[in-house]
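A look at the structure
In case you want the letters, here they are:
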Amino acid sequence: MSEKTEEEKVDDDEDSQDEDDRSPGVDQAIGCYHASVQELIVIDDLLSALIGIEGRYISINIVHGKEDSFTFQVDASMDLALQESAKRVFPLCESYLLISQFVESRSEFKSGLVNHAFAAALRALLLDYQAMVAQLEHQFRLGRLSIQGLWFYCQPMMGSMQALSIVTKMVSSNNFVGSAVLNLLHSQAKAMAGDQVVRSLLEKMTQSASSAYLCILERWVYEGVIDDHHGEFFIAENKSLKKESLTQDYDAKYWRQRYSLKNDIPSFLANAAETILITGKYLNVMRECGHNIQVPMSENSKLNSFGSNHHYLECIKAAYDFASGELLNLIKDKYDLMGKLQSIKHYLLLDQGDFLVHFMDIARDELAKRSDEISVEKLQSLLDLALRSTAAAADPCNEDLTCCVERTTLLTRLSTLKDLEISPTVSQHIDLDEPLNITGLETFSLSYKVQWPLSLVISRKALTKYQLIFRFLFHCKHVNRQLCAAWQIHQGVRALDMQGTAISVSSLLCRSMLKFINSLLHYLTFEVLEPNWHVMQNKLQTARSIDEVIQYHDFFLDKCLRECLLLSPVLLKKVEKLKSICQQYAAATQWLITSAIDMGNNKGSAKVIESTLKFEREFSAELKKLGPILSSSAQAEPYLTHLAQLILGVGRDR
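Residues numbered from 1 in each chain as written. Predicted model: local features only at pLDDT ≥ 70, side-chain atom pairs only at ≥ 80, totals over all residues. Heavy atoms only, no water.

1. What about the confidence of the model for the chain?
In low-pLDDT regions, the fine details of the predicted coordinates are not to be read closely. Taken residue by residue, the chain gives an average pLDDT of 83. The fraction at 70 or more is 86%. Scored below 50 in pLDDT, residues 1–26 shows 32 contacts in the model against residues more than four places distant or in partner chains. Confidence drops under a pLDDT of 50 for residues 425–430, and excluding neighbours within four residues, the segment shows six contacts in the predicted structure. (pLDDT = per-residue confidence, 0-100. Contact = heavy atoms within 4.5 Å.)

2. Regarding the pairing of strand β6 (residues 444–448)
Looking along a regular strand, one sees side chains alternate from face to face of the sheet. Of all five residues in β6, five are buried, a share of seventy percent or more. Side chains of β6 alternate between two faces, with Phe444, Leu446 and Tyr448 and Ser445 and Ser447 buried alike. (Buried < 20%, exposed > 50% of the residue type's maximum accessible area, 1.4 Å probe, protein only. Helix = DSSP H or I, 4+ residues; strand = E, 2+ residues; numbered from the N terminus.)

3. A look at helix α2 (residues 35–49)
In this model α2 runs 20 Å from its N-terminal to its C-terminal C-alpha over 15 residues, within 8% of the 21 Å that 1.5 Å per residue would give. Every buried residue belonging to α2 is among Val37, Gln38, Ile41, Val42, Ile43, Asp44, Asp45, Leu46, Leu47, Ser48 and Ala49, and all of these are buried. Looking at the buried positions of α2, the neighbouring elements they touch are β1 (58–62), α3 (80–105), α4 (113–141) and α5 (147–174). (Expected span 1.5 Å × (residues − 1).)

4. Some details on the packing of α3 against α5
Contact geometry for α3 and α5: axes closest at 7 Å, N-to-C directions at 40°. For the element pair α3 and α5, the recorded crossing hand is left-handed. (Axes fitted to C-alpha atoms, helices over the stretch in contact; angles between N-to-C directions. Left-handed = near helix turned anticlockwise from the far one by under 90°.)

5. Examining the packing of aromatic side chains
The tally for this structure, following the rule as stated, stands at 17 aromatic pairs. Ring plane angle 20° and centroid distance 5.1 Å describe the contact between Tyr96 and Tyr129, whose orientation is recorded as stacked. Of the two residues, Tyr96 sits in helix α3 while Tyr129 sits in helix α4, which places them 33 residues apart along the sequence. An aromatic cluster is defined as three or more aromatic residues linked by ring pairs; in this entry it consists of Phe359, Phe444, Phe470 and Phe474. (Phe/Tyr/Trp six-rings, centres within 6.5 Å; stacked < 30°, edge-to-face > 60°.)

6. What to know about the environment of Arg544
Relative to the helices and strands, Arg544 is located in the loop between α19 (502–542) and α20 (546–563). Along the chain, Arg544 and Asp321 lie 223 residues apart, while their C-alpha atoms are 8.7 Å from each other. Sequence-distant contacts of Arg544, that is, excluding residues within four places in its chain, are made with Ser324 and Leu328.

7. Details of the nonpolar core
The tendency in soluble globular proteins is for nonpolar side chains to be buried side by side. Core analysis: the biggest nonpolar cluster contains 202 residues, and Leu50, Ile276, Leu446 and Leu566 have the highest contact counts within it. In terms of residue count, α19 provides more of this core than any other element does, 15 residues in total. (Core = buried A, V, L, I, M, F, W, Y, C linked by side-chain atoms within 4.5 Å.)

8. As for unusual backbone geometry
A cis geometry characterises the amide bond from Trp452 onward to Pro453, with omega recorded as 5°. Assignment of secondary structure puts Pro453 in the loop between β6 and α18 (460–492). Positioned with a positive phi, Asn175 is a non-glycine residue whose angle comes to about 55°. Position of Asn175 among the secondary structure elements: in the loop between α5 and α6 (179–191).

Quick look at the structure:
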């Protein structure tokens, strides 16, 4: 009964708008009042609705199943003109409710720093909005505010509040965090090009929301540290990948995957994302080396905001230039990259052959064994002895050289490396069956110990490519030594002057085989490795970043692999076949010469000649098959032209 008495007092006193008079449960319809009284009641209710509070004749309801949607209902008996006026203000009331709800929900810890900063900027905006509503209420208490006046004051805020409410709804419904929030704000601001006020507000909100994000960015590009507890930054860190993996992992995942770009990149940083990623990676490498360094900072270089002047991009570029230069100098000077590469060239590309000759002499018996019977420890001790006994002893890096024995042939090993651009004809035309007895001469290889940070450049993959070239060269050298030994045997019996006998036939064949293997070694060494090495060396001198160094070095290795025929299985198989015939002939030479001398001009010497001619026929047949393949391949691969001329020259001499 007391509640009714209060409402009757309001009926009697039309000007009284005390807060105690508002009550959601009223018995009397607003239509019972005069239009002027209704206007006062509606203004009072609208002022409450503007800050999310229900009035006596205006109710606020959440749409069932939609927490981000509200409906506003007015008393049906209200004057129609007042109803229309009230409905025009309702979108502003709904925008306030949506923004207020967003601020509450996104202030939680789990929402992330960008949402926290965005919510804080919205909270400050809502405080200004509430102050404006308080001023309108004051005017209303003084009797200076009409329904048209209320609409007049509300109208300028409608666009801004509605634009912000749309953003908050999209962020909430899609559960956006970090970069996604910034991109949404940025795109919405650009979409409002026709409304300067709304655009300016959205740009201000973007700046506020990005402040925390820019702090994360600043630490990354200036210190190489990811200070991102909520996973919002567009660079991901894979802590499971360690720098030590570079010496074992063929795919070298560390450099590419330890730090990587996510899909969500702020649009204003999209063009600089790769530069940002690389800058932090460079700083990280230096920190991992114990070389603590920080990009010099000044008040001008702080990444406090981004704008149309693109000053932040200039700061990022300056940080990249500094980090790149420092790391390059560190690797070139302190860790002597060029000295290490030169050492690898001496040993794995056989640039200095004296140690290899000595090693092949003292390790001949061990290398002649089957690969599974070889003692790697014994080979290592023999290698150390060869290094100490030759000019290689002066090389301070020779202690990093180790030996290893593979379990497969060169062709089979090449076929297992899927990332190499091997000719597709391999699967259709090349038989990769392993020989029954492969010795250490076919499977021996050298390896090299590479420490961090040089392992960035000389990774496991790079070393594997060096080893493939070494195995091919090493076996060619072995075949050459075998043929030279056979030639010396022939020279030893020249005094017998058996013109037209088996010795003369064998001597001609031996000379042709030597010319073939020497032509091949000349091509590999002077037409492929040396020129490409000098090109790479010159490029490394002008490289501006470690990524360029890696790129030039990888390009050198890939080019050498291709031009050394290792990526052309059809050609390689033919060359291997020719080498195999040369080996078999060299092994049989001692018997052939001895038999020829013992038999003299007797009929038995015909058997020796026949054996020699058999080798000659096989060699000539394979050489003839190789010639057309080389000639046709040289049209597509110009680097093969010289090799084709050398090999075909051997055939013409015959």
